[in-house]
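Residues per chain, in single letters:
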Amino acid sequence: MTSILVTGSAGGIGQAICWQLHKAGWKVVGLDHQAIPHFVPWDQRACDLADLASLVGIANDLPGDLGAIIHAAADQPLLRAQENARDEWARAWNVNVGALQVLVSATFDRLIATSPSRVITIGSIHGSHTSVGMAPYSVTKSALAAYVRALAVDGAQEGITAINIELGAAHSPKLQQGLSRWGPPRESLARLESRLPTRRLIEPIEVAQMVDWLLTDAGRHCTGSSVPFSGGVAALLATEIDNGSKP
């Protein structure tokens, strides 16, 4: 089995993906600015994905048999579209979109050498729907989906496929952060779960299992698309205008 790169590998979803792929036999390399405070059986490396200049050197040091990139890292500043917090907007762009473009560009020859190879991104329902105070996250997740479409077309001749997972409400610190806009997170979470068609959040292991399937030969047929994995949350977001955008 070839090597696979997972960004955001110290987060809940990122770690679940790393564990799933390690068990499946991939040689996992994880990138994250946060340390994992316990032993993990993969190659975990420290990296600030917002620092695109240093990311080139880190990418050049990745294994030569790199066969896939899973971009699970994300930055989610709570800002409205009219707020001019340039540093926070820039960081969200670099982590959510720019880092992937740098990694793909720097490792493109290696991805070609191991083709058919794959790039999978953990996107968000906020790339196509959104709510108040999520502007940088929504904009960058929309751009991420567009980048995946472009890569699927531009990399097709070299055997590279690219897929975006349009993730809905999943158990993660970022969901708790977003829910804090509406008051005590526990109460907001209970309201959100009660309105989801599935009546529960997506678990990190379920995201990891989805990634694992998308890496199969059958998964290549999803190339160029944003695969919904939202538990029906799009239907919820469509009603937010009627109640002040609260979950």
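Our subject is the structure listed above.
Structural notes, computed from the coordinates. This is a predicted model, so every value here is computed, not measured.

### Considerations on the overall build of the protein chain
- For the protein chain, the helix and strand inventory stands at eight helices and seven strands.
- The C-alpha atoms of the protein chain give 17 Å as radius of gyration, which agrees with the globular expectation for 247 residues (18 Å, within 12%).
- Along the first, second and third principal axes, the C-alpha set of the protein chain runs to 50 × 40 × 35 Å.
- Burial analysis of the protein chain (247 residues in total) assigns 51% to the buried set.

### A look at the environment of Pro-116
- Checked against the element boundaries, Pro-116 lands in the loop between helix H3 (86-113) and strand S5 (117-122).
- Considering only alpha carbons, one finds Pro-116 and Glu-158, 42 residues apart in sequence, at a separation of 7.9 Å.
- Not counting chain neighbours up to four residues away, the residues in contact with Pro-116 comprise Gly-159 and Arg-220.

### Remarks on the nonpolar core
- Residues Ile-17, Leu-21, Ile-70 and Leu-215 are the most contacted members of the largest nonpolar core, which totals 31 residues.
- For this core, the secondary structure elements donating two or more residues are strand S1 (3-7), helix H1 (12-23), strand S4 (66-71), S5, strand S6 (160-167) and helix H7 (204-214).
- Contact partners of Ile-70, with chain neighbours within four places excluded, come to Ile-4, Leu-5, Val-6, Thr-7, Ile-17, Leu-21, Ile-120, Val-211 and Leu-215.
- Counting residues in hydrophobic clusters, the runner-up holds 29 residues, among them Ala-50, Leu-66, Ala-73 and Ala-99.

### Comments concerning the packing of helix H2 (residues 52-60) against H3
- Put simply, H2 and H3 touch, their axes get as near as 9 Å, and they point 35 degrees apart. For H2 against H3, the interelement crossing comes out right-handed. The residues of H3 that touch H2, namely those facing Leu-52, Leu-55, Val-56, Ala-59 and Asn-60, are Asn-94, Gly-98, Ala-99, Val-102, Leu-103, Ala-106, Thr-107 and Arg-110.
- Here the contact of H2 with H3 is built from residues that sort into eight nonpolar, four polar and one charged.

### A closer look at the packing of aromatic side chains
- Taken as a whole and assessed by the stated rule, the structure comprises one aromatic pair.
- Relative to Trp-42, the ring of Trp-19 has its centre 5.2 Å away and its plane inclined at 85 degrees; by these criteria the two rings are edge-to-face. Placement of the pair is Trp-19 in helix H1 and Trp-42 in the loop between strand S2 (27-32) and strand S3 (43-46), with a sequence separation of 23 residues.
- Note on Trp-19: relative accessible area 31%, which makes it partly exposed.
- Judged by its relative accessible area of 7%, Trp-42 is buried.

### Details of the environment of Val-95
- Tracing the chain through its elements places Val-95 in helix H3.
- Between the C-alpha atoms of Val-95 and Leu-111, which are 16 residues apart in sequence, the distance is 21 Å.
- Those residues in contact with Val-95, other than ones at most four positions away along the chain, are Leu-49, Ala-50, His-71, Ala-73, Ala-74 and Asp-75.

### Here's the deal with the sheet that holds strand S7 (residues 226-229)
- Taken in spatial order, the seven strands make up an open sheet running S3-S2-S1-S4-S5-S6-S7, and their pairing is parallel. Edge positions in the open sheet fall to S3 and S7, since each of these has one partner strand only. Direction aside, neighbouring strands of the sheet carry axes that sit 20 degrees apart on average.
- Sheet strands in contact with H1 are S1, S2, S4, S5 and S6, and its direction is about 170 degrees off that of S1.
- Sheet contacts for helix H4 (residues 135-154): S4, S5, S6 and S7; angle to S6, the most-contacted strand, approximately 155 degrees.

### With respect to unusual backbone geometry
- Following Ser-115, the chain continues to Pro-116 via a peptide bond in cis, the omega torsion being 5 degrees.
- One non-glycine residue, Arg-199, lies in the positive phi region at around 65 degrees.
- Tracing the sequence through the fold places Arg-199 in the loop between helix H6 (185-195) and H7.
- Classification of Arg-199 by relative accessible area gives exposed; the value is 53%.

Reading the values: the criteria
- Residues numbered from 1 in each chain as written.
- Predicted model: local features only at pLDDT ≥ 70, side-chain atom pairs only at ≥ 80, totals over all residues.
- Heavy atoms only, no water.
- Helix = DSSP H or I, 4+ residues; strand = E, 2+ residues; numbered from the N terminus.
- Rg over C-alpha atoms; globule rule 2.2 N^0.38 Å.
- Buried < 20%, exposed > 50% of the residue type's maximum accessible area, 1.4 Å probe, protein only.
- Contact = heavy atoms within 4.5 Å.
- Core = buried A, V, L, I, M, F, W, Y, C linked by side-chain atoms within 4.5 Å.
- Axes fitted to C-alpha atoms, helices over the stretch in contact; angles between N-to-C directions.
- Left-handed = near helix turned anticlockwise from the far one by under 90°.
- Nonpolar A, V, L, I, M, F, W, Y, C, P; charged D, E, K, R; others polar.
- Phe/Tyr/Trp six-rings, centres within 6.5 Å; stacked < 30°, edge-to-face > 60°.
- Pairing = 2+ DSSP bridges.

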